[in-house]
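# Summary of the model geometry
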Amino acid sequence: MERSVAFYSGGAKLAADLYRPDDLAANERRPGVVLCCGYTGVKNLYLDNMARRFAAGGLVALAFDYKGWGESEGPRLRLAPYGRVEDTQAALTFLSIQPNVAADCLGLYGISYGGSTAVFTAAIDSRVKAIVSVTGVGNGARWMRGVRYPWEYRELIERSRVDQRQQVSSGVSELAERSDVLKLDPRSVEISALARAGRPGASMLVPLEMVHETIGFNPEWVVDRISPRAALFMTSDRDDLVLPEESIALHARAGDPKKLVVLSGFGHYDVFTAPALDLVMAEAIPWFWRYL
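In this report, we go over the structure that sits alongside the text.

The rules behind each value
- Residues numbered from 1 in each chain as written.
- Predicted model: local features only at pLDDT ≥ 70, side-chain atom pairs only at ≥ 80, totals over all residues.
- Heavy atoms only, no water.
- Phe/Tyr/Trp six-rings, centres within 6.5 Å; stacked < 30°, edge-to-face > 60°.
- Helix = DSSP H or I, 4+ residues; strand = E, 2+ residues; numbered from the N terminus.
- Buried < 20%, exposed > 50% of the residue type's maximum accessible area, 1.4 Å probe, protein only.
- Salt bridge = Lys/Arg side-chain N within 4 Å of Asp/Glu carboxyl O.
- Core = buried A, V, L, I, M, F, W, Y, C linked by side-chain atoms within 4.5 Å.
- Pairing = 2+ DSSP bridges.
- Axes fitted to C-alpha atoms, helices over the stretch in contact; angles between N-to-C directions.

## Comments concerning the packing of aromatic side chains
For the structure shown, the criterion picks out 17 aromatic pairs. Between Y39 and Y113, the ring centres sit 5.1 Å apart and the planes meet at 75 degrees, which makes this aromatic pair edge-to-face. Of this pair, Y39 sits in the loop between β3 (30-36) and α1 (47-56) while Y113 sits in helix α3 (residues 113-124); the two residues are 74 residues apart in sequence, bridging distant segments of the chain. The same class applies to Y39 as to Y113, namely buried. Measuring from centroid to centroid gives 6.0 Å for Y269 and F272, while their planes differ by 85 degrees, and the two rings are edge-to-face. Side by side, Y269 and F272 carry an identical accessibility label, which is buried. Cluster of aromatic residues (ring-pair linked, three or more members): Y39, Y82, Y113, F120, W143 and F217.

Dropping the structure here:
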């Protein structure tokens, strides 16, 4: 059972979809999971299929578009990482007041940069009892530097600094090709283009401000604050877009209970679809049932 819903964050109306198990009784309450989409993602890009899997696994799931993305209100296409944390906290509140959700049994699930959002939100919001971060970023500068040649990274940072000065003076950030900011490996270029075809909300142009905002947002600073609540980190040894070192570093800094799963042979976007997604869900759904 799924339906379109909406809630508010920072005065902006956010579009969302609520997914409930088919066997949910009228007065029954189940654990709830908020899903966080990635760097330039929207709720109907991968997350809809994942939310259905959570519902099929007996959990109530909520997927939503961040402010300014997809069908949600707000300034368009901003990364605004701390604003995404605010949106995620609002999503937790909205999910907690649904009649079939146990308000004290809430989890977060994030893919790619959504894993970063999930980690940071859980660290500062004790309502989150368990998280699953799939290929999340722990340190923005390390991530951006790690997938580029040194001179490419220096050029990008200088370009970002110029844009940052322009932005505070004019209120406008330069629009750049998504591939300039998000350094895609050849396999990811192909898969990402196919996934985004026909989805106008999944923009291929993004503000250059995303660079300095990424560098200023580092979930590994606070990941240790999730404990004693549970954190599962998942990555793949062939992820050339968000290197496995990011999840490994987050796991190393997290407290117990925690778990690290490294899949074998899958690229970044491969992890979001079957057969790799089957392996992800085989870990994530039992994790939530165990700790929620």
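## A look at the pattern of salt bridges
Inspection of the entire model under this criterion finds 18 salt bridges. Here R78 makes a salt bridge to E209, at a shortest N to O gap of 2.7 Å. Remark: E209 occurs in helix α8 (residues 209-215) and R78 occurs in the loop between β4 (60-64) and α2 (81-96); sequence separation between them is 131 residues. Among the ionic pairs, E174 bridges to R159, the shortest N-O distance being 2.9 Å. One end of the pair, E174, is in the loop between α5 (150-170) and β7 (175-177); the other, R159, is in helix α5, with 15 residues separating them in the sequence. Take E174: its relative accessible area is 33%, and that puts it in the partly exposed class.

## Some words on the nonpolar core
Formed by 99 residues in total, the largest nonpolar core has its most connected members in L35, M50, F54, L62 and Y109. Broken down by element, the residue count for this core peaks at eight residues, all from helix α10 (residues 276-291).

## Section: the sheet that holds β3
Read from one edge to the other, the open sheet built from eight strands follows the order β1-β2-β4-β3-β5-β6-β9-β10, with strand pairing classed as mixed. One side of each edge strand has no neighbouring strand; the edge strands of this open sheet are β1 (2-9) and β10 (258-263). Recorded for the sheet is a direction-independent mean angle of 20 degrees between the axes of neighbouring strands. As judged from the eight bridges shared by β1 and strand β2 (residues 12-19), these two strands associate in the antiparallel manner. Bridge pairing in β2 links V5 to A16.

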